[in-house]
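Summary of structural features
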Amino acid sequence: MKGTVSTNQRVELEYRVNTSPGVLFKRLSTPHGLSEWFANDVNLSGNVFTFIWDDDTKKAELVDKKENKFVKFRWITDQNEAGHHFAFKLTKDELTGEVSLTVIEEVNEEDIDEVVSLWNYQIGELKRLIGA
């Protein structure tokens, strides 16, 4: 039997966002907010978000959140395996008042470039939406 071993890597991408943590948090933690920039439509049932794109649907469980600080999701796979996590972390510099959004995701090593490119695009859409 021949198999491949995929190595998971933790990817952290930091973006400066010219808005308040409260405005940003709503866009990261609610179905309406996420449907404005992350997916075409987002539905919520209990703690499970269903993300709908043109030709794809994925589900993620909201694992944890702290208002204006972070949101953590876990992808739900078809095989009922433990899916990879992705999270949004918000930090505000006390001296400058600048807000940073950090996207954290566990990905297969061979997918890193694609994931980075996708997040760069998605966060660009988010920043355009909020005028940041």
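Our subject is the structure that appears above.
This text gives an overview of the structure that appears in the document. (Residues numbered from 1 in each chain as written. Predicted model: local features only at pLDDT ≥ 70, side-chain atom pairs only at ≥ 80, totals over all residues. Heavy atoms only, no water.)

What follows deals with the overall build of the protein chain. Secondary structure assignment for the protein chain yields three helices and seven strands. Its helices and strands taken in sequence order, the protein chain reads β-α-α-β-β-β-β-β-β-α from the N to the C terminus. Against the globule reference of 14 Å for 132 residues, the protein chain gives a C-alpha radius of gyration of 15 Å, in line with a compact fold. Dimensions along the principal axes, computed over C-alpha positions, put the protein chain at roughly 55 × 30 × 25 Å. By residue count, 35% of the 132 residues in the protein chain fall in the buried class. For the protein chain, the share of sequence-separated contacts (at least 6 apart) that also reach a separation of at least 24 residues comes to 44%. Per element, the accessible surface of the protein chain, about 8400 Å² overall, is 45% carbon and sulfur. (Helix = DSSP H or I, 4+ residues; strand = E, 2+ residues; numbered from the N terminus. Rg over C-alpha atoms; globule rule 2.2 N^0.38 Å. Buried < 20%, exposed > 50% of the residue type's maximum accessible area, 1.4 Å probe, protein only. Contact = heavy atoms within 4.5 Å. Areas by Shrake-Rupley, 256 points an atom, 1.4 Å probe, with all protein chains shown as cover.)

Keep in mind these values describe shape, not function.
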